[in-house]
Structures are given as C-alpha cells and as structure tokens.
Amino acid sequence: MEVHHLRTLRELRDRGSVTAVAQALHLSPSAVSQQLASLQRGVPIPLTEQRGRVLVLTPAGERLADAGGEVLESLARVENSVTEYLQARREPVSVTAFHSAGLAWFPALIASSLTDPDGPTVRCRDEDVSVNGFVDLVGDHDVVIAHRPLTSDPWPARRVHVTPVLQEPIDLAIHREHPLAKQATVSLADLAGETWVAAHEGFALEPLIVQALFASAGTPIQITHRVNEFNMVAAIIAETRMVGLLPRYTGLIPYFRDQVVLRPIEGLVLGRHIDILTRPEARTRVSTRTVIDRVIKIAEETRRLAEG
C-alpha cells in the first residue's frame with residue numbers, strides 16, 4: 001500500500017471526481033485510475049463504485065481515506081521535523097478568506113509579513129463562496145478563513161482542522177439620519193414596511209432564515225436587492241435609506257462609519273462563527289501556525305476597536 005495511492009484516494013473523497021483529482025495532483029485521469037486500481041489490488045473489498053458516470057468511494061473506501069489522512073498527517077509531521085529545525089518559519093503560507101474578513105484583516109496580515117524578515121511570506125486571495133464551499137478550499141490553500149451562521153452544523157471534523165477565531169454578531173444597518181438610529185436597539189415591529197438589501201441565498205448571513213423569523217413575528221420583510229459585498233450594502237444604505245444586515249466587527253470600512261450605523265435587533269440572536277480551516281498536515285507546519293496566530297491577534301484587535 002503506497003502513500004501516494006492513499007493520497008489519491010483521499011483526494012477522490014474530497015474532490016468528488018477523477019478529473020478533479022487529476023487536476024489537483026497534476027496527473028492524467030488515466031494515471032489516477034491506475035493508482036486507484038493498484039490500491040484496490042491490495043484490499044479484499046471494493047474501495048470505489050460507479051454511480052452513473054461518477055466514481056465514488058464505498059464505505060470501506062471512506063474508512064481507508066480517513067485512515068490515509070492520518071497517515072499523511074503523520075508523514076507531514078515527520079518530514080517537517082527537519083524543516084522546523086532549520087527555516088520552517090520562512091515557508092510561504094497561502095491564505096484565503098471571504099470578502100469582509102479579507103478587507104478587514106489582509107492589510108495587517110500582509111504588513112506583518114513584510115516587517116518580519118524571519119517569518120513566513122503570506123499569499124492572500126479572496127473567495128466569495130457559499131457556506132458549503134469553504135471546506136473544499138482547504139485542498140488549495142494552507143489557511144482558509146471561513147464563516148457560518150450560529151445555528152448551522154459544525155464543519156466536518158474528519159476533513160478539516162478547525163481553529164475558532166471569533167463569534168461576530170450581525171446587526172441592523174441603517175443610515176445615521178434614519179429615525180431608528182436614535183434608538184439603542186430596534187424591535188421587529190419597528191421594521192415593518194422597511195425595504196431591505198440582503199445577501200444572496202445560501203451565503204452565510206442566511207437571509208431566508210432571517211426572513212422566516214420576521215414572518216413568524218407577523219412582520220414579513222421586503223427584500224428588494226441581493227448583494228454579498230458589504231461595502232456595496234453600506235453604500236446602498238447610505239444613498240437610499242434602505243436597511244440591511246452587516247457584521248458588527250468587519251462589516252464597515254471607515255469611509256461609511258459616519259453615514260451608516262449598526263443597531264442590534266431585539267428578540268433575534270443573529271451572528272456568525274468565523275473559523276480557520278486547515279488540513280491537519282498543513283497545520284503541522286510552523287509557518288502555518290504562525291500565520292494562524294497572527295490572524296487571531298488581528299481579529300481580536302478588530303473586535304476590540306469595534307466594541308471600544
């Protein structure tokens with residue numbers, strides 16, 4: 001049983017198709033199939049099966065993929081021991097984040113890399129994906145800054161290592177001259193008749209759930225515009241006096257803070273978990289852990305400034 005065969009099986013589980021595995025491992029689809037066939041010859045029970053036109057793992061294949069992940073993690077730890085002894089802190093780390101976290105934290109993260117010649121170089125990239133898309137990003141990035149609603153299921157522990165960053169409340173965003181801006185909090189009844197700009201369906205603010213909560217209170221809301229980019233939401237609110245939802249710590253850049261204010265909504269607990277997702281073997285690298293620690297420190301400073 002070869003290690004690269006186990007890696008191929010794990011990639012098939014995570015990526016879902018032979019074609020995607022071939023692209024990720026820089027192999028031809030036939031080479032991927034040959035590796036899977038070689039692995040199968042050493043196992044007395046089928047590891048894969050054909051479902052329509054797609055090759056998927058059997059329960060036995062799933063178990064072996066999980067065990068293979070543990071093997072790869074152990075090998076990465078062994079291989080990294082010498083690197084840690086030498087210059088592991090300088091190894092580059094690729095980081096991806098959703099837009100608002102990238103806007104709030106990437107500048108400070110990049111600046112910290114530039115001012116630490118002995119530390120890791122970061123390579124940052126923003127990704128606008130639905131909640132279910134973040135786990136898939138760990139195959140292409142060392143550090144994935146992800147978010148999910150407070151009421152959502154946890155990230156799949158068998159596929160990713162999760163490092164909590166913070167829990168961020170979601171508030172009502174209104175123009176500073178809106179009558180409700182004079183209140184410390186806003187009730188559901190206060191919002192009857194307001195016109196809303198909200199995030200796309202399926203993204204982490206879960207507008208459909210919010211809409212259902214309003215409907216259950218007897219005050220259904222009118223969502224006119226669907227916008228994921230929070231600065232665009234803030235710009236719309238600043239010009240049109242519509243209302244929306246924005247994260248308390250990362251939702252507003254300084255340009256809009258004089259025009260748009262945030263207010264909690266009474267009776268609703270709205271928020272999101274912001275976490276760092278990594279593959280276990282990526283997290284064994286000192287450089288990756290250094291970047292994770294920096295992200296957490298930057299995030300905490302953002303929270304402190306927003307609340308102070």
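From a predicted model like this one, the values you see are computed outputs, not experimental measurements.

**What to know about the packing of aromatic side chains**
In total, this model carries three aromatic pairs according to the counting rule given. An angle of 85° between the planes, with centres 6.2 Å apart, marks the rings of Phe 134 and Trp 155 as edge-to-face. Separated by 21 residues along the polypeptide, Phe 134 in the loop between strand 4 (122–126) and strand 5 (143–149) and Trp 155 in the loop between strand 5 and strand 6 (161–175) bring together distant segments of the chain. A relative accessible area of 1% places Phe 134 in the buried class. An aromatic cluster is present here, built from Phe 98, Phe 134 and Trp 155 joined pairwise through their rings.

**Some details on a nonpolar patch on the surface**
Among the surface-exposed residues, Val 3, Val 71 and Leu 75 lie close enough to one another that they form a single nonpolar patch of about 170 Å² accessible area. You can see Leu 75 is positioned in helix 4 (residues 59–85).

**A few points about the nonpolar core**
Counting residues in hydrophobic clusters, the biggest one holds 32 residues, and the most contacted among them are Trp 105, Phe 134, Ile 145 and Leu 277. Per element, the largest residue contribution to this core is five residues, and it comes from helix 9 (residues 286–307). By size, the runner-up hydrophobic cluster in this structure holds 16 residues, among which are Leu 180, Val 243, Val 261 and Leu 270.

**Let's talk about helix 2 (residues 18–25)**
It helps to recall that an α-helix has 3.6 residues per turn; residues three or four apart then point in one direction. Among the residues of helix 2, Val 18, Val 21 and Ala 22 are the ones counted as buried. Each buried residue of helix 2 sits inside an arc of 100° when the element is viewed along its axis, so together they form one side. Taken together, the buried residues of helix 2 touch helix 1 (3–15), helix 3 (29–41) and strand 2 (54–57). Directly after helix 2, the chain includes His 26, whose backbone phi takes a positive value near 60°.

**Here's the deal with the packing of helix 2 against helix 3**
Between helix 2 and helix 3, the least distance of the axes is 8 Å, while the angle of their chain directions is 105°. The angle between helix 2 and helix 3 falls in the class roughly perpendicular. Counted together, Val 18, Val 21 and Ala 22 of helix 2 and Pro 29, Val 32 and Ser 33 of helix 3 form the full contact between these two elements. Class assignment for the residues of the contact of helix 2 with helix 3 results in five nonpolar, one polar and no charged.

**Considering the confidence of the model for the chain**
Mean pLDDT over the chain: 86, with 92% of residues reaching 70 or higher. Considering each helix and strand of the chain separately, the mean pLDDT is smallest for helix 6 (residues 207–216), with a value of 53, and largest for strand 3 (residues 93–97), with 96.

**Some remarks on unusual backbone geometry**
One non-glycine residue with positive phi stands out, namely His 26, at about 60°. Checked against the element boundaries, His 26 lands in the loop between helix 2 and helix 3. Its relative accessible area of 72% is what places His 26 among the exposed residues. Even without being a glycine, Arg 241 presents a positive backbone phi close to 65°. Along the chain, Arg 241 falls in the loop between helix 7 (230–240) and strand 9 (243–247). Residue classification places Arg 241 among the partly exposed residues on the basis of a relative accessible area of 36%.

Rules of the game
- Residues numbered from 1 in each chain as written.
- Predicted model: local features only at pLDDT ≥ 70, side-chain atom pairs only at ≥ 80, totals over all residues.
- Heavy atoms only, no water.
- Phe/Tyr/Trp six-rings, centres within 6.5 Å; stacked < 30°, edge-to-face > 60°.
- Helix = DSSP H or I, 4+ residues; strand = E, 2+ residues; numbered from the N terminus.
- Buried < 20%, exposed > 50% of the residue type's maximum accessible area, 1.4 Å probe, protein only.
- Patch = residues over 30% accessible without salt bridge, like charges linked within 9 Å, V, L, I, M, F, W, Y side chains within 5 Å.
- Areas by Shrake-Rupley, 256 points an atom, 1.4 Å probe, with all protein chains shown as cover.
- Salt bridge = Lys/Arg side-chain N within 4 Å of Asp/Glu carboxyl O.
- Core = buried A, V, L, I, M, F, W, Y, C linked by side-chain atoms within 4.5 Å.
- Arc of directions from axis to C-beta.
- Contact = heavy atoms within 4.5 Å.
- Axes fitted to C-alpha atoms, helices over the stretch in contact; angles between N-to-C directions.
- Parallel < 35°, antiparallel > 145°, perpendicular 65-115°, else oblique.
- Nonpolar A, V, L, I, M, F, W, Y, C, P; charged D, E, K, R; others polar.
- pLDDT = per-residue confidence, 0-100.

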